[in-house]
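# Descriptive structure summary
Given next are the chains, with one letter for each unit.
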Amino acid sequence: METHSAPSSDRSDFIRDIIAEDLAAGRHETVVTRFPPEPNGYLHIGHAKSICLNFGAARDFGGRCHLRFDDTNPVKEEQEYIDSIMTDVRWLGFEWGEHLYYASDYFEQLYEWALHLIREGKAYVDDLSAEEIRAYRGTLTEPGRPSPWRDRAIEENVDLFQRMRKGEFPDGSRVLRAKIDMASGNINMRDPVMYRILHATHHRTGDAWCIYPSYDFAHGQSDAIEGITHSICTLEFQDHRPLYDWFVENLPVPSRPRQYEFARLNLTHTVLSKRVLLRLVKEGHVRGWDDPRMPTLSGIRRRGYPAEGIRDFAAIIGVARADSVVEIEMLEHAVRNVLNRTTLRRMAVLDPVKVVIDNYPEDADEEFEVPNSPEDPDAGTRMVPFSRELWIERDDFMEDPPKKFFRLAPGREVRLRSAYFITCNDVIKDTDGRVTELRCTYDPETRGGSAPDGRKVKATLHWVSAAHAVPAEVRLYDHLFSSAVPGTTGDDLFDDLSPTSEVIVRGARLEPALADMPVGATVQFERLGYFCVDPDSAPGAPVFNRTLTLKDTWARLRARSA
RNA sequence: UGGGGUAUGGUGUAACUGGCAACACGCCGGAUUCUGGUUCCGGAGAGUCUAGGUUCGAGCCCUAGUACCCCAGCCA
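Owing to the predicted nature of the structure, the values given are computational and were not obtained by experimental measurement.

Here the focus is the protein's contact with RNA strand B. Not every one of the 69 residues close to RNA strand B is listed here, only the nearest: Thr72, Arg345, Arg407, Arg415 and Gly448. Within 4 Å of the protein, the contacting atoms of RNA strand B are drawn from sugar and phosphate to the extent of 62%. One of the side-chain N or O atoms of Asp70 is found 3.2 Å from a sugar or linking oxygen in RNA strand B. Between a phosphate oxygen of RNA strand B and a side-chain N or O atom of Arg196, the distance comes to 2.8 Å. Contributing elements (two or more residues each) for the surface near RNA strand B: α5 (130-136), β6 (193-197), α12 (328-342) and α13 (553-561). The greatest single-element share of the surface near RNA strand B, amounting to 5 residues, is contributed by α13.

In this section: the environment of Ala513. With respect to the helices and strands, the residue Ala513 is situated in the loop between β22 (502-510) and β23 (522-525). Each C-alpha atom of the pair Ala513 and Phe217 lies 58 Å from the other, and the pair is 296 residues apart in sequence. In this view, Ala513 contacts Arg346 and Arg382; residues no more than four positions away in its chain are not counted.

Our focus in this paragraph is the side chain of Thr270. For Thr270, the position within the fold is in the loop between β9 (258-262) and α9 (274-282). A distance of 2.9 Å separates a polar side-chain atom of Thr270 from the backbone oxygen of Thr268. With sequence-adjacent residues up to four places away left out, Thr270 is seen in contact with Pro295, Ile328, Phe481 and Pro486.

Read across the sheet, 4 strands follow the order β4-β5-β6-β7 without closing on themselves; strand pairing throughout is antiparallel. With one partner strand each, in any of the chains shown, β4 (123-126) and β7 (211-213) form the two edges of the open sheet. In this sheet, adjacent strand axes meet at a mean angle of 20 degrees when their direction is disregarded. Here β6 pairs with β7 via 3 bridges, running antiparallel. Paired with Arg196 across the bridge in β7 is Tyr212. Sitting on the sheet, helix α4 (residues 107-119) is in contact with β4, β5 (175-178), β6 and β7, with an inclination near 120 degrees to β6.

Cut-offs and rules
- Numbers given to residues run from 1 along each chain, matching the order in which its sequence is written.
- In the order they appear in the text, chains get letters beginning with A and ligands get numbers beginning with 1.
- Under the rules for a predicted model, residues below a pLDDT of 70 receive no local features and side-chain atom pairs below 80 are neither given nor counted, while totals for whole chains, interfaces and linings still include all residues.
- Note that the side-chain values use all heavy atoms of the structure and ignore hydrogens as well as water.
- In these notes, residues near a molecule or strand are those with any non-hydrogen atom within 4 Å of it.
- Under the rule applied, a polar contact is a pair of N or O atoms within 3.5 Å (in protein, one hydrogen donor and one hydrogen acceptor; residues adjacent in sequence only if both atoms are side-chain atoms).
- Secondary structure follows DSSP: runs of H or I at least 4 residues long count as helices, runs of E at least 2 residues long count as strands, and numbering of each begins at the N terminus.
- In what follows, a contact means two residues having at least one pair of non-hydrogen atoms within 4.5 Å.
- Note on pairing: two strands pair once DSSP finds at least 2 bridges between them.
- The convention used is that axes are lines fitted to C-alpha atoms, helices contributing only their stretch in contact, and that angles between N-to-C directions extend from 0 to 180 degrees.

Okay, here's the thing in structure tokens:
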């Protein structure tokens, strides 16, 4: 059974409440939503919230969700973005089937409707420049003034608009405006621009057009054409709703969609502004749009976050109309929750220190059968080689351990996972006092990891046989920004970039089973965290990304007492 | 008196539309554990922005405030 989005369905939200009520009241036979990205950038975790809402709500009520590219601005949009957006939406687990649309498919219809409005005396061609239009628009507290071209004769408007389409006028020389109310308190209603002249090649329509509709003139009508019942968008479009309604009510559109707004996602230690993300990439603070620290879906994917975890996250944060900032721990919890369940366990030593088992035969060698997952017995086992010289984690030894330190120390016995109990007898250091080697003895009776006499140890360590170890590069990732809400500390936002958001470890040692995993595969390095294979891996030279650490009580204790 | 929104533990959401403020994250403690993980118990933490009012009873209703967010692209 597929646990598609477990935490959701039992919980509703105000959008689903509205849909349920509309369906119950018979206002619609079936719900139709849409996810309408502009193909001018990469999708990020904020979009994921919207995708889960639109596709999720439609699915919950047996309706459908369209994928529609809002491609009304040829100077910003590219096919590359269309491809990446489709990849990301599918990766998230949603499918639009045959319902793939482009606002640009409606250009001809939109043009006809513009003419309709002109003939009704509800739209006019304005010769004012962009600056003049701005000046005439007034301010937040002062009403605007009518353009001198506002009362042009209908026939003249028709003629001019047709000639705009034919390309008789240069960019910026004229626009088509809706004739609504220059004194409205809502600035969107002060004769908004419907069409602008743009002699630009569109990624889909090529040079067929040199006038392009604005968002406001395209969106609602596109919804109406597709029979969208619930047009869900973010809060900043609230002020546009009266305009959305005005167009739909003044045009002979085939259906009557309604717009509803919800609060966009904000995440601690993260920035979701397109401008800032672009700067991160352009200025080289990250490896690119798919850098594992980026909140883009491609970055998150490369980081190893599973789509199911993102869907669960969207379900637990809910949907509301109040601005909010979600703690990134919520996301991390959702991701760990999935990874704990789905991931295979392996052993890897990131910061190795040598252990020599003095009483283990010099040239001997053996293998242990180690379970792949404590969460899932069906995951089976794999064989892990063992020998006289091993690597363990430097953090797992302390020469002078404090009270609560349970791991290896002089004279102390611990378990090597699934192998033997070992006791540390001697510590060898270099001239700087740095530990280079631990001389230990093992108890042959404890083969497999438990003592026949029933004695216990307080710690189990992960290890890798030195002779069989696979060297690897491991990239440790952490929050990109140090402060919870970047940019509120006053200084430049980029001063807040965490210097340890990426720490590269070159001398990691892996158990052999980790040698040839496919790119993208995720495993748990026992006691350390979840890691996935980065595309930078080469045969014999794997590169792993740390997706997330495991929760670490010891680290917390240490930090508390520090 | 420009317009439009929003206020519930530290954080994100609930509260059958007037009936003991709940869930999750996080935090603290304990049990279990061959991962200081997982799991399992238990706990602290808000009286719902403020002040009035209606009511047997208000987070939900009324009045007056306060704070914060969005809007002056030929971007979406």
